[in-house]
Amino acid sequence: MNTTKPFKISKQIVWEAYKRVKANKGAAGVDGQTLQEFEEHLKDNLYKIWNRMSSGSYFPPAVRIVEIPKEGNQVRKLGIPTISDRIAQTVAKMYLEPEVEPHFHVDSYGYRPRKSALDAVGVTRKRCWRYNWCVDLDIKGFFDNLDHELVMRAVSKHTDCRWLLLYIERWLKAPAQQADGSVIKRDKGTPQGGVISTLLSNLFLHYAFDKWMERSFPRHPFARYADDAVVHCKTQVEAETLKDAIAARMLECRLELHPEKTKIVYCKDDDRRGNYVNERFDFLGYTFRARRSKNRHGKYFINFSPAVSNKAAKAMRQTMRSWRLQRRSDKSIEDLGKMFYSTINGWINYYGHYYKSALYPIFQHLNRLLTWWAMQKYKRLRGHQRRATHWLGDIAKRESFRFPHWKLLGIRPAAGQ
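Residues numbered from 1 in each chain as written. Predicted model: local features only at pLDDT ≥ 70, side-chain atom pairs only at ≥ 80, totals over all residues. Heavy atoms only, no water.

1. Notes on the overall build of the chain
Threshold: In DSSP terms, a helix is any run of H or I states spanning at least four residues, a strand is any run of E spanning at least two, and both are numbered starting from the N terminus. Exposure categories follow from relative accessible area, calculated using a 1.4 Å probe and restricted to protein chains: below 20% of the type maximum is buried, above 50% is exposed, and the middle band is partly exposed. Any two residues whose heavy atoms approach within 4.5 Å at even a single point are treated as in contact. Each accessible area is a Shrake-Rupley result for a 1.4 Å probe, and residues are judged covered by the shown protein chains and nothing else.
A count of helical and extended segments in the chain gives 15 helices and 11 strands. Principal-axis analysis of the C-alpha atoms places the extent of the chain at approximately 80 × 60 × 40 Å. Residues classed as buried in the chain amount to 48% of the 417 residues present. By sequence separation, contacts in the chain at least 24 residues apart represent 67% of the contacts at least 6 residues apart. When the accessible surface of the chain is totalled, it reaches about 22,100 Å², and 48% of it is carbon and sulfur.

What follows is the structure, encoded as structure tokens:
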């Protein structure tokens, strides 16, 4: 009996894909199956994925839609695939990514190996010093409006592998299941949150934006992270011309620039005179604007630089409040440090990379929350905020390693510690 499969897919790749999905964790999809439940029959489940993908009979289940609140009473819709489908998508990504990655633009930073959001922020910072103007771009509903035909055309430029083309098209068309259980067919878009979606969106914008910019406006450098991009110009006239050209290009690609979020910005500093309606922009959690800085000689000057955005700062404070420290009087200061250390450290590593002092008010707020916790935990401190503040300060000086923000705020161990 001939048991040869029409598609050659390595079992080892399926195993490696499972390990990647396991490392990333994540919520259950429409079937409600958790990673732990998947692993109860791991060998059989992985074999089913390999067998169906190799035979051409793999059909992705619906994607579970989760709505994440945004500013202005808006929501961002994330698509959560099932555990099995995440593994299948990872298999496809592991085959396709090596084919397309070498072709991507040097200034495309989103979801790429050895590139990060901080790289994009850093290169944008330097270019804002060299160019007086920039265009801050935002594509309206990018993931929801990606044209399937154009996506498949881009994929076909890099592979003729039948099973890759087959399953990518099926993933693009996979239905979406809403919170109320209703299922919606999709004829455009790719779920934000899908494993393969990030690679497909990068490949699409590689042709829709990166290569087009390189060809049409080679003198205007840009940094792009997924659908967010900043393009630099020497003059206001150049910026206005470029903004109109990009808007027209997006329409050609069946997309649209967000009319309110896309704007021309004057990168004002000590040497740039005059005023403009927009003199700041947000990019990847940082706000770029004129800031007071000090050079190596101790002299103050104004330059156009990034620091943690108000939006990111608000989100951090909301997360701190969600910890409900005042209700954790059963925990010790050591327990709290262990519980929240990695989150705080992650904030500092990302948002403290540029203009670190902008984080001080946020973490002073966290110290106030810890002070209220101490007042709830210890009877001798109840109703005595000043005494509780001194108590926390003494702990911070003796044991500054407990919370990473204590070192950021300049709290050092006392002499002899």
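2. Digging into the environment of Gly-193
Inspection of the secondary structure assignment puts Gly-193 in the loop between β5 (183-184) and α9 (195-216). When the C-alpha positions of Gly-193 and Ile-80 are compared, they lie 6.0 Å apart, and in sequence the two are 113 residues distant. Apart from the residues lying within four places of it in its own chain, the contact partners of Gly-193 are Gly-79 and Pro-81.

3. Section: the side chain of Asp-210
The following threshold applies: Polar contacts here mean pairs of N or O atoms no more than 3.5 Å apart (in protein, one a potential hydrogen donor and the other a potential acceptor; neighbouring residues in sequence count only if both atoms are side-chain atoms).
Along the chain, Asp-210 falls in helix α9. Classification of Asp-210 by relative accessible area gives buried; the value is 0%. Engagement of the side chain of Asp-210 in a polar contact is seen with the side chain of Arg-224, the distance being 2.8 Å. Residue contacts for Asp-210: discarding those within four places in its chain leaves His-105, Ser-108, Leu-205, Phe-222 and Arg-224.

4. Re the sheet that holds strand β9 (residues 281-283)
Test applied: Pairing between strands is defined by DSSP: at least two bridges between them are needed. A fitted line through C-alpha atoms serves as each axis, taken over the contacting stretch for helices, and the angle formed by two N-to-C directions is quoted from 0 to 180°.
What the 3 strands build is an open sheet, ordered β9-β10-β11; its pairing is antiparallel. Only two strands of the sheet have a single neighbouring strand rather than two, namely β9 and β11 (300-308). Ignoring strand direction, the axes of neighbouring strands in this sheet form an average angle of 50°. With 9 bridges connecting them, strand β10 (residues 286-294) and β11 associate as antiparallel partners.

5. Looking at the packing of aromatic side chains
For clarity, the cut-off: Ring geometry is summarised as follows: Phe, Tyr and Trp rings, the Trp one being its six-membered ring, pair when their centres sit within 6.5 Å, and such pairs are stacked at plane angles under 30 degrees, edge-to-face over 60 and tilted between the two.
Considering all chains together, one arrives at 27 aromatic pairs under this definition. Aromatic pair Tyr-111 and Tyr-225: ring centres 5.5 Å apart, planes at 55°, arrangement tilted. Here Tyr-111, found in the loop between α4 (83-100) and α5 (117-130), pairs with Tyr-225, found in strand β6 (residues 222-225); they are 114 residues apart in sequence, far enough to count as distant. Tyr-111 sits in the partly exposed class, given a relative accessible area of 38%. A ring pair is formed by Trp-323 and Trp-347, whose centres lie 5.9 Å apart and whose planes are at 15°; its orientation type is stacked. One end of the pair, Trp-323, is in the loop between α11 (310-322) and α12 (333-351); the other, Trp-347, is in helix α12, with 24 residues separating them in the sequence. The burial state of Trp-323 is the same as that of Trp-347; both residues are buried. Among the aromatic residues, ring-to-ring pairing joins Tyr-58, Tyr-95, Trp-163, Tyr-167 and Trp-171 into one connected group.

6. Considerations on the state of the cysteines
Applied cut-off: In what follows, a disulfide is any cysteine sulfur pair within 2.5 Å.
Taken as a whole and judged by the stated rule, the model has 0 disulfides. Looking at Cys-253, it has no disulfide partner, and the nearest cysteine sulfur is the one in Cys-233, 19 Å off. Given a relative accessible area of 8%, Cys-253 falls into the buried group.

7. Brief notes about the nonpolar core
What counts is decided by this rule: For this analysis, a nonpolar core means a set of buried residues of the types Ala, Val, Leu, Ile, Met, Phe, Trp, Tyr and Cys, connected via side-chain atoms within 4.5 Å.
Core analysis: the biggest nonpolar cluster contains 65 residues, and Met-53, Ile-87, Phe-204, Phe-209 and Ile-246 have the highest contact counts within it. Look past the residues within four positions of Met-53 in its chain and what remains in contact with it is Phe-7, Ile-9, Tyr-58, Ala-88, Val-91, Trp-163, Tyr-167 and Trp-171. Among the nonpolar cores identified, the runner-up in size contains 55 residues, and Tyr-225, Phe-288, Leu-370 and Leu-392 belong to it.

8. Concerning the packing of helix α7 (residues 148-156) against helix α8 (residues 162-173)
Quick reminder of the rule: Orientation labels follow simple angle bins: below 35 degrees gives roughly parallel, above 145 gives roughly antiparallel, 65 to 115 gives roughly perpendicular, and whatever is left gives oblique. Helix crossings get a hand from a simple test, with the near helix turned counterclockwise from the far one by less than a right angle marking a left-handed crossing and a clockwise turn marking a right-handed one.
As a packed pair, α7 and α8 sit with axes 11 Å apart at the nearest point and diverge in direction by 155°. In terms of orientation, α7 and α8 fall into the roughly antiparallel class. Both α7 and α8 take part in a crossing whose hand is right-handed. Touching His-148, Val-151, Met-152, Val-155 and Ser-156 of α7 are Leu-165, Ile-168, Glu-169, Leu-172 and Lys-173, all from α8.

9. A short note on unusual backbone geometry
One non-glycine residue, Arg-114, adopts positive backbone phi at about 65°. Mapped onto the elements, Arg-114 comes out in the loop between α4 and α5. Arg-114 sits in the exposed class, given a relative accessible area of 78%. Despite not being glycine, Arg-324 has its phi angle at roughly 50°, a positive value.

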